Amino acid sequence: MHKALLALACATLLPSLAAAAQLQITVTTADGKPAPDVAVLVQPTAAWPAQPLPEPALIAQQNIRFVPFVTVVPVGGTVRFVNRDRYDHHVRSQPGGPLGNVAPAQQFEFRMAAAKADKPGAPADLKLDVPGTIALGCHLHGSMRGHVLVSATPWFAVTDDKGVATVANLPDGQVELKLWHPDQLTDQAGTRLQAAGSMNAEAKLNFNPRRRPGPGTPPGPQYNF
Ligand SMILES: [Cu+2]
């Protein structure tokens, strides 16, 4: 079917789901400081049609860290690991949470060949089908930590160093907002709001996350894949 016709057919079938809203949310810690690495999940309270899967989410192994520290993909989405260090790494799922007792939603383990000269090692794609969280580790470097959240809702974002995240193309209507941080001991309280147009919201974690080890997420240029 022609693309325009298909779009018209969808619009006819689903007249109430206009995708027009955009939510910018600022998340703070319990102490009121900016909270980076927070997954922001936005779920319409009404049923929503399946959304196209996004491009694979890139996770680099760089300077003995997973970058970014927190990644969100929708159920059925793919993460693409790339080793940018000049030595081998592993990727393995492991228990997460501050007590190390949250079982990973999916189990996997594989080796990542070292980068050579300016070329990263061969990327490895991993499709994630089970909603939940997965802590990432490396056999060779015990300090390496990363986190993946496999989201039931296709609308999500992760807060930056200023604690800000933007979720775009939201359907208009009532939505439920949820937060997740890898250090949390208990679920964060959800919030309901009416999505329409360009919106701003604020939210606060119910705890103070530990400081992320290392010098922090490197700035833009090092993200070139
Ligand atoms: Cu490693």
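Residues numbered from 1 in each chain as written. Predicted model: local features only at pLDDT ≥ 70, side-chain atom pairs only at ≥ 80, totals over all residues. Heavy atoms only, no water.

(A) Quick look at the coordination of the copper ion. Summarising the metal site, the copper ion is bound by the protein donors His89 (ND1), Cys138 (SG) and His141 (ND1), whose distances to it range over 2.0 to 2.2 Å. Sequence spacing of the donor residues for the copper ion, all on one chain, is H-x48-C-x2-H. Remark: Cys138 occurs in the loop between strand E10 (132-137) and strand E11 (146-151) and His89 occurs in strand E7 (residues 89-94); sequence separation between them is 49 residues. Like His89, the residue Cys138 is buried in the burial classification. (Donors = N, O, S within 2.8 Å, 3.2 Å for Na, K, Ca; no water. Helix = DSSP H or I, 4+ residues; strand = E, 2+ residues; numbered from the N terminus. Buried < 20%, exposed > 50% of the residue type's maximum accessible area, 1.4 Å probe, protein only.)

(B) Representation of the sheet that holds strand E5 (residues 70-74) in the model. The 5 strands are arranged E5-E11-E10-E7-E8 in an open sheet whose pairing can be described as mixed. Each of the sheet's edge strands pairs with one partner strand only, and the pair in question is E5 and strand E8 (109-112). Going across the sheet, the axis of each strand differs from the next one's by a mean of 25°, ignoring polarity. Sheet topology places E7 next to E8; 4 bridges connect them, and they run antiparallel. (Pairing = 2+ DSSP bridges. Axes fitted to C-alpha atoms, helices over the stretch in contact; angles between N-to-C directions.)

(C) The nonpolar core, seen in detail. Ile25, Val27, Val40, Val42 and Leu179 are the most contacted members of the largest nonpolar core, which has 23 residues in total. Counting only elements with at least two residues in this core, the list comes to strand E1 (19-28), strand E2 (39-44), strand E12 (155-158), strand E13 (164-171), strand E14 (173-180), strand E15 (191-195) and strand E16 (198-204). Among the elements that take part in this core, E1 stands out by supplying 4 residues, more than any other. Not counting residues within four places of it along the chain, the set of residues in contact with Val42 comprises Leu23, Thr153, Trp155, Val167, Leu170, Val175, Glu176 and Leu177. Counting residues in each nonpolar core, the second largest holds 18 residues, with Ile59, Val73, Val79 and Leu126 among its members. (Core = buried A, V, L, I, M, F, W, Y, C linked by side-chain atoms within 4.5 Å. Contact = heavy atoms within 4.5 Å.)

(D) Broad picture of the layout of surface pockets. Each pocket or cavity is described by its volume, and for the second largest pocket that value is around 520 Å³. What lines the second largest pocket is a set of 30 residues, and nearest its centre among them are Leu41, Thr133, Leu149, Trp180 and Gln184. When contributions to the lining of the second largest pocket are tallied by element, the ones reaching two or more residues are E2, E10, E11 and E14. Of the residues in the lining of the second largest pocket, the class split is 15 nonpolar, 12 polar and 3 charged. (1 Å grid on protein atoms, 1.4 Å probe; cavity = no way out; pocket = protein on both sides within 12 Å on 5 of 7 lines; lining within 4 Å. Points joined across faces, edges and corners; volume = space filled by probe spheres on them. Nonpolar A, V, L, I, M, F, W, Y, C, P; charged D, E, K, R; others polar.)

(E) Quick look at the pattern of salt bridges. One pass over the structure, following the stated rule, counts 5 salt bridges. Note that Arg80 and Asp125 form a salt bridge whose closest N and O atoms lie 2.7 Å from each other. Here Arg80, found in strand E6 (residues 77-83), pairs with Asp125, found in strand E9 (residues 124-128); they are 45 residues apart in sequence, far enough to count as distant. (Salt bridge = Lys/Arg side-chain N within 4 Å of Asp/Glu carboxyl O.)

(F) The sheet that holds E6, seen in detail. Spatial strand order, E4-E3-E6-E9: 4 strands in an open sheet with mixed pairing. The outermost strands of the open sheet, each flanked by one partner alone, are strand E4 (65-67) and E9. Across the sheet, the mean angle from the axis of one strand to that of its neighbour is 25°, orientation sign disregarded.

(G) Layout of the packing of aromatic side chains. Inspection of the entire model under this criterion finds 3 aromatic pairs. Judged by centre distance (6.0 Å) and plane angle (65°), the rings of Trp48 and Trp155 are edge-to-face. With Trp48 in the loop between E2 and strand E3 (57-62) and Trp155 in strand E12, this pair connects stretches of sequence that are 107 residues apart. Trp48 sits in the partly exposed class, given a relative accessible area of 26%. Arranged with centres 6.3 Å apart and planes meeting at 35°, the rings of Phe108 and Phe110 form a pair that is tilted. (Phe/Tyr/Trp six-rings, centres within 6.5 Å; stacked < 30°, edge-to-face > 60°.)

(H) Fine view of the environment of Ile59. With respect to the helices and strands, the residue Ile59 is situated in strand E3. The sequence separation of Ile59 and Pro123 amounts to 64 residues, and the corresponding C-alpha distance is 9.7 Å. If we ignore the near neighbours within four places in the chain, the residues touching Ile59 are Phe66, Val67, Pro68, Thr71, Val79, Arg80, Phe81, Val82, Leu136 and Val148.

(I) Geometry of unusual backbone geometry. For the bond running from Val67 to Pro68, omega is 0°, close enough to zero to count as cis. Assignment of secondary structure puts Pro68 in the loop between E4 and E5. Despite not being glycine, Asp37 shows a phi value in the positive range, around 65°. Its location among the elements puts Asp37 in the loop between E1 and E2. Taking the relative accessible area as the measure of exposure, Asp37 reaches 8% and is therefore buried. One non-glycine residue with positive phi stands out, namely Asn63, at about 50°.

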